[in-house]
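# Commentary on secondary and tertiary structure
So you can see what is in the structure, the chains are spelled out below.
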Amino acid sequence: MKSERMECSLLSLLLLVIQMGTFFNACHVSTFIRQITMVSHKEFETAGKAPGLQIWRVENMDLKPVPKNLYGNFYTGDAYLLLYTTTAPSYYIHMWMGNECSQDESGAAAIFATQLDDFLGGGPVQFREVQNNESLTFLGYFKSGIKYKQGGVASGFHHVLTNDVDVKRLLHIKGRRAIRATEVEMSWSSFNKGDCFIVDLGKEIYQWCGSDCNRFERLKASQLAIDIRDNERNGRAKLIMVEDGAEPDALTKVLGPKSSITPATPDNEEVETSNKKKAALYMISDASGSMKTSVVAQTSPFKQEMLSLDECYILDNGVDKNVFVWKGPNANTSERKAAMKAAEQFIKEKNYSSKTQIQVLPAGGETTLFKQFFSNWKDKDQTTGPTKAYTIGKIAHVEQIPFDASSLHNNKAMAAQHNMVDDGSGKVQIWRVEGGDRVPVDPSTYGQFFGGDCYLILYSYKQGSREQHIIYTWQGLKSTQDELAASAFLTVQLDDSMGGAPVQVRVTQGQEPPHLMSLFKGKPMIIHSGGTSRKDGQTKTGSMRLFHIRQSSSRATRTVEVEPSASNLNTNDVFVLKSPDCVFVWKGAGASEEEMVAAKYVVSVLGRQSTDVVEGKEPAGFWSALGGKKEYQTSPTLQKMVKPPRLFGCSNKTGRLVVEEVPGDFTQSDLATDDVMLLDTWDQIFLWIGKEANEVEKRESPKIAKDYVDSDPSGRHGLPITTIKQGAEPPTFTGWFQAWDPNMWDTDPLERIRARF
């Protein structure tokens, strides 16, 4: 059986070589066939055996390993194969092609990638990478940046570790989040005032800073200069910082007399914060004898049920230069083998840019970017592999952390995942927005909110010896535009009156974070649909009312009034049904006792006696009160998978507001103090305001955050957006960062890194 699979695998590879025959020179075909007929390349014997990155370069139709000290260096005339293995384990395969790479080498890289994918059981996620257009996943492997070197194997350039003191090159550093260093002509004409450059002379490495480049770019360029010294020179080089206009004689000796420097040139590429454009879904099939694509859905969002396990699909997001291939586990071998080739052919047929990124995803290995095009995506709880492969400290496994209020203060990972700064036992003050002012709410009714109102909730608690504050701005779905505007103004006013220190959290009805729900001393939060709580302004409630009760992961319970229809029931929860004649407490099969306790409190608020009803044994009067029995959610909800958080920078340093995603496993140092940063943790959005952010960034970033959520194809409308200032971060934010240092900004980061020169 095993030999049959190997023969089938080998045959598929040979067919693929024939399909790609135009890529190869005749003299290379026999060499390459010898390589693939080994079934498993000798370099793959160690592939995926340990977590981490492995890199090979295609040399003379063979694979040669790149020394680890030189990871991040890429010759523009070559093709590379990369494998990243996680601790799960799961695998990511990348083919990287330089701009001057030959067809022979790019074709060989594609075949080796297919062979490696087969060697690892067909489970890896595959990426096609093109110079200057690499995926964020790829860039995330090289936190100090990537360096493009001129030449390649055909020119005799090799990845060799030396202490060569005769190096002479000029590197142009671009980017604030994803750093790229490109080798350019050693001449003053290559410089501009808006960027940083590295003049590498072997024994001395000079970092030249244009007069118009900003502090964060200087910081990133310094990190790359240190990387060159420590890895390429084994620490045997001197780093020197040079300012525009203060060049030492050593530079003018190499570059000649300084000529006029070109003014700063703004970046032309803007990175989208989300997949705002429409996408299309196609099915791939070879049933007709050749690979064909047929339309499944013209526009996103899609439904997960559209993906049959027996087929392969192309998700076309070409307008954002992204094309995804999804491989069904039961699809035939030829379809799965030719997935990358089918995507490349698809790009040609659509006349998309050759820079378009391709990701090939096995079932169970879907990336966040792919899943966001589906409005109902669910990951199976038992799924392993890439869906759990990201690493953000202990948060990667936080779905297994039980909620323990007593440990919130010292367990930042749990505080972040459950979105709880503490156990809710601090001081609470609540005001209702009324007539453009805030009116105190009767403390006996704390925890009850009406959809026709807006509220301000001030929460004060101790963190160590310091008192901290959170202002929750709760906005009902049926509140007026005047009330919404007034709630925003009053929040700023309250924030200013407290010295600007509080954390601000804007909450839309139905999207209440767990911590807000925990503030009412053991009582469930109750949200009445419509109406208002203001005195003498109470809107008459309906004769039939249904309340949905659910306990959160932090054990806080929320009660929300919903439309009184049987279709709104859920087997996992408890419901309270109030009719003119009686009150029913309906307990679903998966409901908890805590939810039943909360239901009894809701009944007491309604001022009535109740009758308990167990799912499956409902009396006729229960269904008639709901307008008849209807289909409702009867299967236990799949446990939510933890989504990998994403960090974006909002900056107008290039002359217009640009949003860029931070690649890889972000750290605290990725928070640019001269920007506004957006942290997306899937069910919560944070806006972090750097102390040096300018007014345009502060003013426009909240709109970007709202647009980011509202335009998400997966339909996350109305998520809470929390605004946080640098230096006043709560654990709900800091817990998403590994080893958060509260004293990081006590000293200038640029001065700290200069100390390493």
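Rules and cut-offs
- Residues numbered from 1 in each chain as written.
- Predicted model: local features only at pLDDT ≥ 70, side-chain atom pairs only at ≥ 80, totals over all residues.
- Heavy atoms only, no water.
- Helix = DSSP H or I, 4+ residues; strand = E, 2+ residues; numbered from the N terminus.
- Buried < 20%, exposed > 50% of the residue type's maximum accessible area, 1.4 Å probe, protein only.
- Contact = heavy atoms within 4.5 Å.
- Areas by Shrake-Rupley, 256 points an atom, 1.4 Å probe, with all protein chains shown as cover.
- Expected span 1.5 Å × (residues − 1).
- Arc of directions from axis to C-beta.
- Pairing = 2+ DSSP bridges.
- Core = buried A, V, L, I, M, F, W, Y, C linked by side-chain atoms within 4.5 Å.
- Axes fitted to C-alpha atoms, helices over the stretch in contact; angles between N-to-C directions.
- Polar contact = N/O pair within 3.5 Å; in protein donor to acceptor, adjacent residues only side chain to side chain.

## Some points on the overall build of the chain
- A count of helices and strands for the chain gives 17 helices and 34 strands.
- By the burial criterion, 54% of the 757 residues in the chain qualify as buried.
- Relative to all contacts within the chain whose residues are 6 or more apart in sequence, the contacts with residues 24 or more apart total 66%.
- When the accessible surface of the chain is split by element, carbon and sulfur atoms take 51% of a total near 32500 Å².

## Digging into helix α13 (residues 593-606)
- With 14 residues, α13 extends 20 Å from end C-alpha to end C-alpha; this agrees with the ideal 20 Å at 1.5 Å per step.
- Buried within α13 are the following residues: Glu-595, Met-596, Ala-598, Ala-599, Val-602, Val-603 and Leu-606. With its buried residues spanning 160° around the axis, α13 presents them on a single face.
- The inward-facing, buried residues of α13 contact β24 (525-528), β25 (545-551), β26 (557-562), β27 (574-578), β28 (583-587) and β29 (611-614).

## Side note on the pairing of strand β2 (residues 62-65)
- One ladder, built from four bridges, connects strand β1 (residues 52-59) with β2; its direction is antiparallel. In the strand pairing of β2, Glu-59 is matched with Asp-62.

## Some thoughts on the nonpolar core
- Counting 60 residues, the largest nonpolar core has Ile-173, Ile-457, Trp-474, Leu-516, Leu-671 and Phe-733 as its most contacted members.
- Ranked by residue count, the leading element in this core is helix α5 (residues 215-232), at seven residues.
- Excluding anything up to four places from it in sequence, Phe-733 contacts Leu-671, Leu-679, Phe-686, Trp-688, Ile-724 and Trp-740.
- Among the nonpolar cores identified, the runner-up in size contains 37 residues, and Phe-44, Ala-79, Ala-110 and Ala-339 belong to it.

## What to know about the sheet that holds strand β7 (residues 146-149)
- With mixed pairing, seven strands are arranged side by side in an open sheet as β3-β7-β9-β8-β10-β11-β12. Edge positions in the open sheet fall to β3 (73-75) and β12 (238-243), since each of these has one partner strand only. Neighbour to neighbour, the strand axes of the sheet diverge by 25° on average, direction disregarded.
- Sheet topology places strand β8 (residues 169-174) next to strand β9 (residues 180-184); five bridges connect them, and they run antiparallel. Pairing of Leu-171 across the sheet is with Glu-183, part of β9.

## Some thoughts on the environment of Lys-174
- Here Lys-174 lies in strand β8.
- Exposure remark for Lys-174: the relative accessible area of 25% places this residue in the partly exposed category.
- For the pair Lys-174 and Gly-194, spaced 20 residues apart in sequence, the C-alpha to C-alpha distance is 9.7 Å.
- Within the local environment of Lys-174, its side chain forms a polar contact with the side chain of Asp-195, the two groups lying 3.3 Å apart.

## Section: the pairing of β24
- On β24, burial covers both faces: Met-525 and Ile-527 on one face and Ile-526 and His-528 on the other are all buried.
- Sheet analysis places strand β20 (residues 448-450) next to β24, joined by three bridges and oriented parallel. Bridge assignment links Phe-450 to a residue of β24, and that residue is His-528.
- Both β24 and β26 contribute to a ladder of three bridges, which runs parallel. The partner of Met-525 across the bridge, within β26, is Arg-558.

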